[in-house]
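So you can see what is in the structure, the chains are spelled out below.
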Amino acid sequence: MLSVEDRAAIMVGLEAALSQVCIARSIGPSPSVVCREITRHLGPGGVYKAQDADRAAQVARRRPKKRLLDRDEALRRRVIADLSQGRTPPDQRA
């Protein structure tokens, strides 16, 4: 999760025309995190503002999110049917 300081560094880096890879190296997260952050929070005119991005990220984290099984009735019925027949998900650990 990016801090407001990280977002300020992204804004300064973009204003200085630094690459996203260079910005990522200076603040720590992977370049893909920086790329997603910029894409999600570009404002009007394609300008990235750290405070606006931080506010939007806080709102996105706060909003209630429904679980997949609550959103998809067909999937929910399938899972219940499979569990009632003794089927369980495979162990994903490798």
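Scope of this entry: the structure provided in the associated data block. This structure is a prediction, so every number in the text was calculated from the model and none was measured. (Residues numbered from 1 in each chain as written. Predicted model: local features only at pLDDT ≥ 70, side-chain atom pairs only at ≥ 80, totals over all residues. Heavy atoms only, no water.)

## A closer look at the overall build of the protein chain
Helix and strand counts for the protein chain stand at 6 helices and 0 strands. When the helices and strands of the protein chain are read in sequence order from the N terminus, they spell out α-α-α-α-α-α. What you see for the protein chain is a C-alpha radius of gyration of 20 Å, clearly larger than the 12 Å of a compact globule of 94 residues, by over 25%. Looking at the protein chain as a whole, 19% of its 94 residues are labelled buried. Of the roughly 7300 Å² of accessible surface on the protein chain, 55% is carried by carbon and sulfur atoms. Each charge class in the protein chain was averaged separately, 18 positive and 11 negative side chains, and the resulting centres sit 4 Å apart. (Helix = DSSP H or I, 4+ residues; strand = E, 2+ residues; numbered from the N terminus. Rg over C-alpha atoms; globule rule 2.2 N^0.38 Å. Buried < 20%, exposed > 50% of the residue type's maximum accessible area, 1.4 Å probe, protein only. Areas by Shrake-Rupley, 256 points an atom, 1.4 Å probe, with all protein chains shown as cover. Lys, Arg positive; Asp, Glu negative; His and termini not counted. Charge placed at Lys NZ, Arg CZ, Asp CG, Glu CD.)

## Notes on the side chain of D6
Tracing the sequence through the fold places D6 in helix α1 (residues 4–15). Residues contacting D6, with those up to four places away along its chain left out, are M1 and I27. (Contact = heavy atoms within 4.5 Å.)

## Some remarks on the environment of I38
Of note, I38 is situated in helix α3 (residues 31–40). Under the relative-accessibility criterion, I38 is labelled buried at 6%. Separated by 12 residues in sequence, I38 and A50 place their C-alpha atoms 9.8 Å apart.

## Things to note about the pattern of salt bridges
Overall, the coordinates contain 8 salt bridges when judged by the stated rule. A salt bridge links R7 to D54; the shortest N-O distance between them is 2.8 Å. A residue pair is termed long-range when its members are at least 10 positions apart, and R7 in helix α1 and D54 in helix α4 (residues 50–62) qualify at 47 residues. Note that D52 is salt-bridged to R55, the shortest N-O span being 3.1 Å. Residue D52 and its partner R55 are both found in helix α4; the two are separated by 3 residues, about one turn of the helix. For R55, a relative accessible area of 48% corresponds to the partly exposed category. Through salt bridges with shared partners, a single ionic network connects R7, E37 and D54. (Salt bridge = Lys/Arg side-chain N within 4 Å of Asp/Glu carboxyl O.)

## What to know about the packing of α1 against α3
Working note: a packed helix pair is described by the angle between its axes plus the distance between those axes. At a minimum axis distance of 11 Å, the contact between α1 and α3 shows a crossing angle of 80°. When the axis of α1 is compared with that of α3, the two are roughly perpendicular. Facing R7, I10 and L14 of α1, the residues of α3 in contact are V34, E37 and I38. For the contact of α1 with α3, a count of residues per class yields 4 nonpolar, no polar and 2 charged. (Axes fitted to C-alpha atoms, helices over the stretch in contact; angles between N-to-C directions. Parallel < 35°, antiparallel > 145°, perpendicular 65-115°, else oblique. Nonpolar A, V, L, I, M, F, W, Y, C, P; charged D, E, K, R; others polar.)

## Topic: unusual backbone geometry
Here the phi dihedral of A17 falls at roughly 60°; this positive angle occurs in a residue that is not glycine. Tracing the backbone shows A17 in the loop between α1 and α2 (20–27).

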